Amino acid sequence: MSLLENKKIVLGITGGIAAYKCADLTRRLREQGAIVKVVMTKGAQAFITPLTMQAVSGNPVMDDLLDPAAEAAMGHIELAKWADTILIAPATANFMASLSQGLAGDLLSTICLATSAPIAICPAMNQQMWAAPATQRNLATLLADGHAIFGPGTGEQACGDIGAGRMLEPLEIISQLQRVFTQPLLNGKKITITAGPTQEAIDPVRYLSNHSSGKMGFAIAKAAINLGAKVTLIAGPVSLATPVNCQRIDVKSAEQMLAATQQACLDSDIFIACAAVADYAPETVAENKIKKSNETMAIALKRNPDILATIAGQQDKPFCVGFAAETQDVEHYAKDKLSRKNLDMIAANNVAISGQGFASDNNALSVFWKNGQQDLTLADKETLAYQLLELIEQNYSPK
Ligand code: C5P
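Residues numbered from 1 in each chain as written. Predicted model: local features only at pLDDT ≥ 70, side-chain atom pairs only at ≥ 80, totals over all residues. Heavy atoms only, no water.

K.L.:
I'd like to hear about the side chain of Ser 366, residue by residue, with values.
P.N.:
Following the sequence through the fold, Ser 366 ends up in strand β18 (residues 362-369). Of the polar contacts made by the side chain of Ser 366, one reaches the side chain of Asp 375; its length is 2.9 Å. Discounting residues that sit within four places of it in the chain, Ser 366 has contacts with Ile 346, Ala 347, Ala 348, Gln 374 and Asp 375. (Helix = DSSP H or I, 4+ residues; strand = E, 2+ residues; numbered from the N terminus. Polar contact = N/O pair within 3.5 Å; in protein donor to acceptor, adjacent residues only side chain to side chain. Contact = heavy atoms within 4.5 Å.)

Rendered as structure tokens:
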């Protein structure tokens, strides 16, 4: 049985040339057993007629916010309540802008505001319009609001341009839509993640730290939330926005990070140590700013606690995942860390290769666990985060 069997789908069509594919999309949704009601904007009707959509959906097409024919003239509320999901295909730049602002100027955007059903958006526009900062800003807002974005695809466009902005093909849309109705991979799992550097105070104005940006840890937190996990993100000093629905605890030193992590791990299923914790901290912190005097100076350092090893050494430990930033012999050092720190999995990256690691948006990882390994090739950190979480889910066993 298809996951779309008997699912009630409001198909919202906005005014882009890709609207011509909606007849086929509707036919294929119905092949999967879905019940489709179509709502069209005025712009959409310039590209495909309501009559066509009525014929293929088997239901009257709606386009008017104030439709006296709808029960009590409140068609938008009825449809918003009726829908199991709202699929917007194609979604124009204008529609994305209006939805991201919460405007309700026509029937379709009003339904989107009035529904509690998931909303899936299939953008379709010229590649330059897709790349425009305003569209990307609106996209970020729509993602942060929890809407699913399918595509867009890349390729030749109706206007002759080549690039990102094509609406996905109907079969691709259907395969993505099925995911809306599947239980997310990490549903209900509690995950603690450390991210970013630590700062170890020397005196009131100086500290020891490193170049970690926190991007990988934040990407993992965001992906884990999207996959249904409940995430506590313990962050060293970084300038990154908190992912939506994430509990974030800001810390500075390794000692503070350890305390927050121990507390959060009490009821965590999985612990992912992504932070670049300083290995050493000044033995003492000067009470006042240290004045310059001699030509050289020495600061005595003491070893910081190993947060990951501490958690992984506990009796009732969560599934522990470490990171290893190496500059040589990556596999050897990673496997050594896996067994020495009693980890369940380790993700190693070679920070000596430019264009990946630390402050970069991209990374490549070699992941090792007790009886296996997998290379995750160079990709943006968000993509890698999903791939890593999939590997974690496949190897996870409850504590
Ligand atoms: O031993 P190394 O620092 O290379 O290990 C890296 C892994 O251990 C990372 O997952 C890092 O977050 C974690 N770690 C830690 N506390 C430390 C040092 C490293 O949690 N003091």
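K.L.:
Break down the pattern of salt bridges for me, citing the residues and quoting the values.
P.N.:
Per the stated rule, a full pass over the model turns up 15 salt bridges. Two residues, Asp 24 and Arg 28, come together in a salt bridge whose shortest N-O distance is 3.2 Å. Residue Asp 24 and its partner Arg 28 are both found in helix α1 (residues 22-31); the two are separated by four residues, about one turn of the helix. With relative accessibility at 27%, the residue Asp 24 sits in the partly exposed group. Here the residues in one salt-bridge network are Asp 24, Arg 27, Arg 28 and Glu 31, joined through shared partners. (Salt bridge = Lys/Arg side-chain N within 4 Å of Asp/Glu carboxyl O. Buried < 20%, exposed > 50% of the residue type's maximum accessible area, 1.4 Å probe, protein only.)

K.L.:
Hey, could you go over the sheet that holds strand β19 (residues 372-380) for me, with residue numbers and the actual values?
P.N.:
Think of a sheet as strands paired side by side through backbone hydrogen bonds, with each pair either parallel or antiparallel. Judged by pairing direction, the sheet is mixed, and its eight strands sit side by side in the order β12-β11-β8-β13-β16-β17-β18-β19 without closing on themselves. Lying at the two open borders of the sheet, with one neighbouring strand each, are β12 (247-250) and β19. Neighbour-to-neighbour, the strand axes of this sheet turn through a mean angle of 15°, independent of strand direction. In this structure, strand β8 (residues 190-195) lies alongside strand β11 (residues 230-235), joined through six bridges in parallel fashion. Paired with Thr 194 across the two strands is Ile 234, which belongs to β11. Across the sheet, helix α12 (residues 330-340) touches β16 (319-326), β17 (345-350), β18 and β19, and the angle it forms with β17 is around 155°. (Pairing = 2+ DSSP bridges. Axes fitted to C-alpha atoms, helices over the stretch in contact; angles between N-to-C directions.)

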